[in-house]
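Each chain, written out:
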Amino acid sequence: MADDTPLLVTREGPVVRATMNRPERRNALSEAMGAAWDRLLAELAQDGTARVLVIAGAGGHFCAGLDLTEVASDETPERKLARQTARNRRTGQRFVDISALPQVVVAAVEGSCHAGGLGFCCAADIAFGAATARFAAPEVRRGLVPAQILPWLARRTGRTAATRLVLEAAVIEAAEAGRIGLLHQVLPDAAALEAQVQRTIAAVLEGAPGALAETKGLLAALGPISPEGYAEAGAAAFARTASSAEAAEGIAAFKGKRKASWVK
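Before going into details, it helps to say that this report is about the structure given with it. (Residues numbered from 1 in each chain as written. Predicted model: local features only at pLDDT ≥ 70, side-chain atom pairs only at ≥ 80, totals over all residues. Heavy atoms only, no water.)

Moving on: the overall build of the protein. Summing up its helical and strand segments, the protein has 10 helices and 9 strands in all. At 18 Å, the protein has a C-alpha radius of gyration in line with the 18 Å of a compact globule built from 264 residues. Residues classed as buried in the protein amount to 48% of the 264 residues present. By sequence separation, contacts in the protein at least 24 residues apart represent 72% of the contacts at least 6 residues apart. Only carbon and sulfur atoms are counted for the fraction: they give 57% of the accessible area of the protein, which is about 12500 Å². Side-chain charges in the protein split into 30 positive and 28 negative, and the spacing between the mean points of these groups amounts to 5 Å. (Helix = DSSP H or I, 4+ residues; strand = E, 2+ residues; numbered from the N terminus. Rg over C-alpha atoms; globule rule 2.2 N^0.38 Å. Buried < 20%, exposed > 50% of the residue type's maximum accessible area, 1.4 Å probe, protein only. Contact = heavy atoms within 4.5 Å. Areas by Shrake-Rupley, 256 points an atom, 1.4 Å probe, with all protein chains shown as cover. Lys, Arg positive; Asp, Glu negative; His and termini not counted. Charge placed at Lys NZ, Arg CZ, Asp CG, Glu CD.)

In structure tokens, the structure reads:
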């Protein structure tokens, strides 16, 4: 997609599509994209005519997570800590806002779905992936922590599978993502993925709008996504690690396509 808008939003009747659109960065989440998401979610929360939200990414990838070029800055440690705390508090709330929408949210995943990308995938009600999809929570390899996505991963896959994902920080393929429940279904290619999205949209539109919204409310009432105080603790933990020497080395190693200094 040539459009330089970081989040492309289109609508066809009751179906809204939000396509993360930074293909040159594998749709990494920038501050501009985050702001665009927040505007859209605020609008959808009040929109009684929209019934389905489909989340996807441009250029064959879903979302590679936070744009690390915006984490690595030349700010003073105090300023960086404050900025990262506020940003990551908002990131965590964004996933809450997606899950709380009255619309049914469908994630259509191709290519990279890493770090914060997993948050979008897991906050969606239903997630499908093409066989090309790859998933990872690589934060610890960058000297960071997966604070914002951890509750969503644990809800979707269970605590045991989430633990392995965030501690090994390895890339898993679509078939394994399906096996552990990260995806509801794996499709052979992009065309088959879109066909399944269309079938799901048709099935959802058979349901009564009010009943669907009430059902989502009941699902949420089964229990909170994380215990009280976790969101603030998670934002602070990410900010501390993002301001650390480990993060500086981890991000530099990632950019330089080399192993970090702690890898022997």
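When you tally the buried positions in strand β6 (residues 126–130), you get 4 out of 5 residues, the bulk of the element. Pairing of strand β4 (residues 104–109) with β6 involves 4 bridges; the strand directions are parallel. Across the sheet, the residue bridging to Val106 is Ile126, located in β6. Relative to strand β9 (residues 185–187), β6 runs parallel, the two sharing 3 bridges. In the sheet register, Phe128 faces β9, and the bridge partner there is Gln185. (Pairing = 2+ DSSP bridges.)

Moving on to the packing of helix α4 (residues 150–157) against helix α5 (residues 159–168). Remark: α4 packs on α5, axes separated minimally by 7 Å, with the N-to-C direction vectors making an angle of 135°. Here α5 runs oblique to α4, going by the angle between their axes. Judged by the twist between their axes, the crossing of α4 over α5 is right-handed. From α4, Leu150, Leu153, Ala154 and Thr157 reach across to α5, where they touch Arg159, Ala161, Ala162, Leu165 and Val166. Counted by class, the contact of α4 with α5 contains 7 nonpolar, 1 polar and 1 charged residues. (Axes fitted to C-alpha atoms, helices over the stretch in contact; angles between N-to-C directions. Parallel < 35°, antiparallel > 145°, perpendicular 65-115°, else oblique. Left-handed = near helix turned anticlockwise from the far one by under 90°. Nonpolar A, V, L, I, M, F, W, Y, C, P; charged D, E, K, R; others polar.)

The next point concerns unusual backbone geometry. Negative phi is the rule for most residues except glycine; trans is the rule for most peptide bonds. The phi dihedral of Arg26 is positive, around 50°, even though this residue is not glycine. With respect to the element layout, Arg26 can be found in the loop between β2 (15–20) and α1 (31–45). According to the relative accessible area criterion, Arg26 is partly exposed, its value standing at 30%. In this structure, Ala169 is a non-glycine residue whose phi angle is positive, near 60°. With respect to the helices, strands and loops of the structure, Ala169 is situated in the loop between α5 and β8 (172–173). Exposure remark for Ala169: the relative accessible area of 4% places this residue in the buried category.

Within the secondary structure, Ile126 sits in strand β6. A relative accessible area of 21% places Ile126 in the partly exposed class. In this structure, the C-alpha to C-alpha distance between Ile126 and Val105, residues 21 residues apart in sequence, is 6.5 Å. When near neighbours in sequence (up to four residues on either side) are disregarded, Ile126 contacts Val104, Val105, Val106, Ala107, His184 and Thr200.

Spatial strand order, β5-β7-β8: 3 strands in an open sheet with mixed pairing. Each end of this open sheet is capped by a strand with a single partner; those strands are β5 (112–114) and β8. The sheet strands contacting helix α3 (residues 116–123) are β5 and β7 (134–136), and the helix crosses β5 at an angle near 95°.

A word on the packing of aromatic side chains. Evaluation of the coordinates by the stated rule reveals 2 aromatic pairs. Here the aromatic rings of Phe95 and Phe120 are separated by 5.3 Å at their centres, their planes lie at 85°, and the arrangement is edge-to-face. Residue Phe95 is located in helix α2 (residues 77–100), and its partner Phe120 is located in helix α3; the two are separated by 25 residues in the primary sequence. In this pair, the class of Phe95 matches that of Phe120, namely buried. An aromatic cluster of at least three residues, connected via ring pairs, comprises Trp37, Phe95 and Phe120. (Phe/Tyr/Trp six-rings, centres within 6.5 Å; stacked < 30°, edge-to-face > 60°.)

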